[in-house]
Amino acid sequence: MDRTFVHDLNNILTVLKGNISLLKFYNEKEEYNNFTRLIGTIEMQMTKVEQFIETYTCKYREKNNGNREYTRIDSFIEEFLFYKELICSLKENIHIDIIIKQNSYFKISSFCLYRIVINIVKNSVEAIDGNAGEIKIIFDVETVKNKYCSTCKQPIKGTYGTCTIENTGREIDNIESIFKENYTTKGNGRGLGLYIVKYLTHENSGHILVENKNPGVRFKLYFPYENNGDICSCEK
């Protein structure tokens, strides 16, 4: 996973560089009211670097002790809003909506969930190109049957915490190929983002469903979740 390490670290550095650029911009205009918010984002990303290093140096820890962290979705969104604001400030043509239909605890660490969502959102931003577009991120709990994972091809059955990310960009010609390592239509040095999404989703007992929705693409992630103290999903 060495190349994914570089890819994910670059994602964090992109957010840091974007916020530093905004600090310089507001400083030149002597508009200081945004400084506290931007500095808070930078501090949060530095914390993510520490978490990132811990994740990779201790990547077998969860397997060894048999336990995984849980992420409360409303708390996760509070953290993710910093990234949303950065995207919307740098890409004024893109509108991002975040919706919680049903709050729950996903059986995945917030850091892994953050990496999954960010990689799909980045893919969606690139699919929209220079056109005006919309990205929706929807969290819910759903009971599923008669559906199959787009990556492992296994049936998706049971009740899951779901994260749906849909965009109004280009449709995908070959859905089966996009999760392969190094697959890209964007030139050399790319092709890891969705591979990381697949890897982390399956490492956390999840599934992925990808569909073209004309216009755009819908990614739906299914994770085991906790509701009122019970573990729900196919792990029952």
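Everything that follows concerns the structure shown earlier in this document.
Residues numbered from 1 in each chain as written. Predicted model: local features only at pLDDT ≥ 70, side-chain atom pairs only at ≥ 80, totals over all residues. Heavy atoms only, no water.

Trainee: Residue-level account of the sheet that holds strand β5 (residues 155–167), with values.
Mentor: Taken in spatial order, the five strands of this open sheet run β2-β4-β5-β7-β6, and their pairing is mixed. This sheet does not close on itself; its edge strands, each paired only once, are β2 (94–100) and β6 (207–212). Averaged over neighbouring strand pairs, the angle between their axes works out to 25 degrees when direction is ignored. As defined by bridge partners, β5 adjoins strand β7 (residues 217–223) across seven bridges and the pair is classed as antiparallel. Paired with Ile-165 across the strands is Phe-219, a residue of β7. Those strands touched by helix α6 (residues 193–203) are β6 and β7, and its axis lies near 140 degrees from that of β6. (Pairing = 2+ DSSP bridges. Helix = DSSP H or I, 4+ residues; strand = E, 2+ residues; numbered from the N terminus. Axes fitted to C-alpha atoms, helices over the stretch in contact; angles between N-to-C directions. Contact = heavy atoms within 4.5 Å.)

Trainee: Outline the pattern of salt bridges, supporting the account with residue identities and numerical values.
Mentor: Under the counting rule described, the total for this entry stands at six salt bridges. Between Glu-134 and Lys-136 there is a salt bridge, with the nearest N and O atoms lying 4.0 Å from each other. Looking at Glu-134, the relative accessible area reads 28%, which means it is partly exposed. Lys-136 gets classed as partly exposed once you look at its relative accessible area, which sits at 28%. For Lys-153, the salt bridge identified is with Glu-176, shortest N-O distance 3.6 Å. One end of the pair, Lys-153, is in the loop between β4 (133–148) and β5; the other, Glu-176, is in the loop between β5 and α6, and 23 residues separate them in sequence. By sharing partners, the salt bridges in this structure join Glu-166, Glu-211 and Arg-218 into a single network. (Salt bridge = Lys/Arg side-chain N within 4 Å of Asp/Glu carboxyl O. Buried < 20%, exposed > 50% of the residue type's maximum accessible area, 1.4 Å probe, protein only.)

Trainee: Now, about the side chain of Thr-164: what can you tell me, with residues and values included?
Mentor: With respect to the helices and strands, the residue Thr-164 is situated in strand β5. A relative accessible area of 7% means that Thr-164 is categorised as buried. Apart from the residues lying within four places of it in its own chain, the contact partners of Thr-164 are Lys-136, Ile-137, Ile-138, Arg-218, Phe-219 and Lys-220.

Trainee: Which residues make up the packing of aromatic side chains, and what values do they have?
Mentor: Taken as a whole and judged by the stated rule, the model has six aromatic pairs. Ring plane angle 75 degrees and centroid distance 6.2 Å describe the contact between Phe-80 and Tyr-114, whose orientation is recorded as edge-to-face. A residue pair is termed long-range when its members are at least 10 positions apart, and Phe-80 in helix α4 (residues 73–90) and Tyr-114 in helix α5 (residues 110–128) qualify at 34 residues. For Tyr-114, a relative accessible area of 4% gives the class buried. One aromatic cluster is present, formed by Phe-76, Phe-80, Phe-106, Tyr-114, Phe-139 and Phe-223 through successive ring pairs. (Phe/Tyr/Trp six-rings, centres within 6.5 Å; stacked < 30°, edge-to-face > 60°.)

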